[in-house]
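Each chain is listed here by its residues.
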Amino acid sequence: MVTEDALLNEAWERLEASILKYGEEPVGTVAATPEAGVKQYNYGHCFIRDFVPSGLAFLTKGRGKVVSNFLIQTLKLQINHNNIEEIRAHMDGARPGIGLMPASFEVEEENGEPVIRADYGERAIGRVTPVDSCLWWLILLRAYTKATGDSNLAHEPEFQEGIKLILELCLVKRFDMYPTLLVPDGAFMIDRRMGVFGRPLEIQALFYATLLAADELLLPEYKIPVHDEIQQRLARLKIHIQQHYWIDLDRVNEIHRYENEEFGEEVVNKFNIYPDSVPTWVAEWLPKQAGYLAGNLGPGWMDFRFFALGNLMSIICSLTDTQQSQDIMNLIARKWSDLVGDMPMKICFPAVEDKEWQWVTGCDPKNIRWSYHNGGNWPVLLWFMVAAAQKTGRTSLGDRAIKVAEKRWLEYKDKDKWPEYYDGKKGTLVGKKAMRYQTWTLAAYIVAKDLMENPQHLEWISFEDFEISGKVEV
Ligand code: GLC
């Protein structure tokens with residue numbers, strides 16, 4: 001009989017085995033450990049977003065060196081004024097801008113020497129832009145600083161410059177009217193066409209956390225020129241998300257009776273959402289005293305799907321207000337079988353099917369209903385769930401989620417082999433095309449267990465409520 005301790009030990013062994021070395025130095029973890037006879041695609045790379053739970057796991061064991069190595073190496077891969085020509089020379093026509101960080105990197109050998117080769121999206125399936133990489137990098141840098149007490153790393157001139165470039169890239173003035181960050185399709189964990197272009201919630205929550213982290217980590221000479229702009233953007237973003245992304249039964253009622261074609265400053269239906277666009281499942285599915293943030297918002301477009309990472313991260317970084325955070329946890333508790341099911345937890349709910357699947361995914365067979373990004377269950381979301389539960393004082397929900405995962409793994413560990421995702425309405429089946437020994441699956445388990453045991457570690461990744469001061473233009 002396998003025990004929880006044995007599970008955790010195995011997770012640690014597999015995490016060790018996933019370490020990617022550059023020469024003698026550990027610099028990251030591969031996305032999935034290779035399995036004989038299984039095509040690896042780019043899962044042998046270290047992805048910036050995938051490394052976050054690995055990094056947090058190492059920090060719980062006082063192994064900050066792996067994390068600082070990762071941060072140093074990935075900072076060198078950020079496109080800057082000095083390396084841009086060289087990086088572009090290796091690309092076939094792609095021209096990503098200054099400040100961008102790669103989606104992933106691998107270690108290759110050239111003339112017997114190890115070399116790091118990054119992918120900025122120019123090789124990735126669908127040529128997607130990794131917008132979230134630089135956001136996660138900064139969030140992890142802050143977690144490292146908090147966990148180790150070492151602020152020297154973040155204060156190094158190269159790091160201060162790197163943060164500045166991230167801010168410049170994110171805050172650059174473009175055509176948009178909203179305070180949200182406008183991004184192309186597949187710019188984050190969902191890195192395929194899934195109708196997640198525009199202003200997806202996950203990017204907004206990560207952007208918000210990044211602005212908070214930057215304001216914390218910048219030294220005065222770097223901070224003074226951008227501080228006011230950061231504060232204004234944080235305030236505008238917070239108000240915008242809390243007011244306009246929020247969905248509960250009251251809001252659905254309001255939208256149901258919206259007038260359209262309103263012109264001018266003082267209008268109620270600012271984004272001209274047509275009541276007919278509210279899917280019928282929303283009012284039937286939503287319980288009272290519960291709510292969530294919409295997946296996306298644009299002109300005439302509100303994406304009513306529930307996206308787990310964006311909602312949980314909004315709680316963790318206090319982008320939602322206290323009541324909203326509680327209501328999201330209420331939703332998860334009351335819709336447990338839909339959102340957690342047999343494996344925490346669903347990446348988004350509900351899945352798109354039939355004609356909608358054709359339009360939204362472009363007929364993507366990997367993203368058929370209740371699979372992969374289209375309503376699959378992803379164990380990596382467990383750590384976000386536990387962190388959000390702790391942040392809201394709902395620890396028992398986090399505990400319950402861990403027990404769900406453990407129940408499955410204690411019984412099926414050797415068959416399941418730590419898969420990337422699960423399929424089905426309740427997440428009962430190992431994902432059709434899921435990789436095995438997926439690093440962030442087992443790292444998330446380690447982090448979730450550690451958060452239960454050491455709740456003080458939550459502060460590495462969470463943020464206090466940001467208080468808006470002064471006049472805000474919204
Ligand atoms: C898939 C996921 C992406 C992840 C990558 C490596 O492409 O969608 O979020 O980073 O696999 O695990």
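For the structure itself, look to the data block above.
As a starting point, this report considers the structure included with it. Not measured: the values here are computed from a predicted model.

## A few points about helix H3 (residues 64–77)
Next, step 1: End to end, H3 covers 20 Å across 14 residues, agreeing with the expected 20 Å (1.5 Å per residue, within 8%).
Next, step 2: Across the 14 residues that make up H3, a large majority, 11, are buried.
Next, step 3: If you check which residues of H3 are buried, you get Gly64, Val66, Val67, Ser68, Asn69, Phe70, Leu71, Gln73, Thr74, Leu75 and Leu77.

## Thoughts on unusual backbone geometry
Next, step 1: A cis amide bond links proline 344 with the next residue in sequence, methionine 345, at an omega value of -15°.
Next, step 2: Of the consecutive residues phenylalanine 349 and proline 350, the connecting peptide bond is found in the cis state with omega at -10°.
Next, step 3: Position of proline 350 relative to the elements: it lies in the loop between strand E11 (348–349) and helix H15 (354–361).
Next, step 4: Located in the positive-phi region is asparagine 272, a residue other than glycine, with phi close to 55°.
Next, step 5: The topology assignment puts asparagine 272 in the loop between helix H10 (249–256) and helix H11 (280–285).

## Things to note about the site of the ligand
Next, step 1: Near the ligand the following residues occur: Ala31, Tyr43, Phe47, Arg49, Asp50, Met189, Asp191, Tyr372, His373, Glu420, Gln438 and Trp440.
Next, step 2: Taking methionine 189, its main chain carries an N or O atom lying 2.7 Å from an oxygen atom of the ligand.
Next, step 3: A distance of 2.7 Å separates an oxygen atom of the ligand from a polar atom in the side chain of aspartate 191.
Next, step 4: Compared with its free state, where it exposes 310 Å², the ligand has 95% of that area covered by protein.

## What to know about the packing of H3 against helix H7 (residues 157–171)
Next, step 1: In the contact formed by H3 and H7, the axes pass within 11 Å of each other and the chain directions differ by 60°. By the angle between their axes, H3 is oblique relative to H7. When the axes of H3 and H7 are compared, the crossing they make is left-handed. For the pair H3 and H7, contact is made by Leu71, Ile72 and Leu75 and by Glu158, Phe159 and Gly162, respectively.
Next, step 2: When grouped by side-chain class, the residues that make up the contact of H3 with H7 number four nonpolar, one polar and one charged.

## Some thoughts on the packing of helix H2 (residues 48–60) against helix H18 (residues 439–453)
Next, step 1: The geometry of H2 relative to H18 is characterised by a closest axis approach of 8 Å and an angle of 40° between their N-to-C directions. The angle between H2 and H18 places the two elements in the oblique class. As H2 packs across H18, the resulting crossing turns out to be left-handed. Listed contacts from H18 to Arg49, Asp50, Pro53, Ser54, Leu56, Ala57 and Thr60 of H2 are Thr439, Trp440, Ala443, Ala444, Ile446, Val447 and Asp450.
Next, step 2: In the contact of H2 with H18, the residues fall into eight nonpolar, three polar and three charged.

## Let's talk about the pattern of salt bridges
Close approach of charged atoms lets side chains of opposite charge pair.
Next, step 1: Overall, the coordinates contain 21 salt bridges when judged by the stated rule.
Next, step 2: One salt bridge connects arginine 142 with glutamate 216, and the closest N-O pair in it is separated by 3.0 Å. Pair noted here: arginine 142 is in helix H5 (residues 131–148) and glutamate 216 is in helix H8 (residues 201–217), with a separation of 74 residues, a long-range link.
Next, step 3: Take arginine 142: its relative accessible area is 3%, and that puts it in the buried class.

About the thresholds
- Residues numbered from 1 in each chain as written.
- Predicted model: local features only at pLDDT ≥ 70, side-chain atom pairs only at ≥ 80, totals over all residues.
- Heavy atoms only, no water.
- Helix = DSSP H or I, 4+ residues; strand = E, 2+ residues; numbered from the N terminus.
- Expected span 1.5 Å × (residues − 1).
- Buried < 20%, exposed > 50% of the residue type's maximum accessible area, 1.4 Å probe, protein only.
- Near = heavy atom within 4 Å.
- Polar contact = N/O pair within 3.5 Å; in protein donor to acceptor, adjacent residues only side chain to side chain.
- Areas by Shrake-Rupley, 256 points an atom, 1.4 Å probe, with all protein chains shown as cover.
- Axes fitted to C-alpha atoms, helices over the stretch in contact; angles between N-to-C directions.
- Parallel < 35°, antiparallel > 145°, perpendicular 65-115°, else oblique.
- Left-handed = near helix turned anticlockwise from the far one by under 90°.
- Contact = heavy atoms within 4.5 Å.
- Nonpolar A, V, L, I, M, F, W, Y, C, P; charged D, E, K, R; others polar.
- Salt bridge = Lys/Arg side-chain N within 4 Å of Asp/Glu carboxyl O.

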